[in-house]
Amino acid sequence: NISIAIKDMKLSYVDLPEMARSLQVFESFCKNENLSNKEIDSIYPSRDEFAIVYRFLLTNNGWHFSPDMLCNRINNNQITYGKLMMIIVCMQELGLINFEMQSNLANIQMQEQKGKVDLESACYIQKMKEVLK
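Here the structure is a predicted model, which is why all the values come from computation and not from measurement. (Residues numbered from 1 in each chain as written. Predicted model: local features only at pLDDT ≥ 70, side-chain atom pairs only at ≥ 80, totals over all residues. Heavy atoms only, no water.)

Participant: Honestly, the overall build of the protein in this entry has me stumped. Any pointers?
Facilitator: Along the protein, the regular secondary structure elements total 6 helices and 2 strands. Its helices and strands taken in sequence order, the protein reads α-α-α-α-α-β-β-α from the N to the C terminus. Summarising its shape, the C-alpha atoms of the protein cover approximately 65 × 35 × 25 Å along the three principal directions. Burial analysis of the protein (133 residues in total) assigns 37% to the buried set. Summarising the internal contacts of the protein: among those between residues at least 6 apart in sequence, 62% fall at separations of at least 24. As displayed, the protein offers around 8800 Å² of accessible surface, 50% of which is attributable to carbon and sulfur atoms. Across the protein, the mean location of the 14 positive side-chain charges is 3 Å away from that of the 16 negative side-chain charges. (Helix = DSSP H or I, 4+ residues; strand = E, 2+ residues; numbered from the N terminus. Buried < 20%, exposed > 50% of the residue type's maximum accessible area, 1.4 Å probe, protein only. Contact = heavy atoms within 4.5 Å. Areas by Shrake-Rupley, 256 points an atom, 1.4 Å probe, with all protein chains shown as cover. Lys, Arg positive; Asp, Glu negative; His and termini not counted. Charge placed at Lys NZ, Arg CZ, Asp CG, Glu CD.)

Participant: Is there a simple way to explain the confidence of the model for the protein in this structure?
Facilitator: This prediction gives the protein a mean pLDDT of 90; 96% of its residues lie at or above 70. Mean pLDDT across the elements of the protein bottoms out in helix H4 (residues 67-74) (86) and peaks in helix H5 (residues 81-93) (95). (pLDDT = per-residue confidence, 0-100.)

Participant: Can you help me understand the environment of Pro-67 in this one?
Facilitator: Examined against the element boundaries, Pro-67 turns out to sit in helix H4. What makes Pro-67 buried here is its relative accessible area of 1%. Taking the C-alpha atoms as reference, Pro-67 lies 9.8 Å from Ile-108; in sequence the two are 41 residues apart. What Pro-67 contacts, discounting residues up to four positions off in sequence, is Tyr-81, Leu-84, Met-85, Met-101, Asn-104 and Ala-106.

Spelled out as structure tokens, the structure:
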């Protein structure tokens, strides 16, 4: 009998340095560190990007794997890892999802919605708009 113990695994087509840089920009923004407009713009999600993520999560009844896998599953070469994390924290703030990290796994559960939600009212979106003025 042959057995294999896998210690680590990653997708071969992932640009890990770019993913790490994008996450660092998101984390720096959350810590109120100074960022360039270009950096802020790289994590500023559009309404269409919110919709892509929301529809994916709705179709898949949330998400229970790592956030980097989520990024790869929905990625249309526009949604960076940092932008995805921005979308997730804004969706949580707006009551669209419940989100918590456990180890390296994201537990995202959809919340029942009654009516439309104003995406622009999320605190981080307001903050990005202010900085970009």
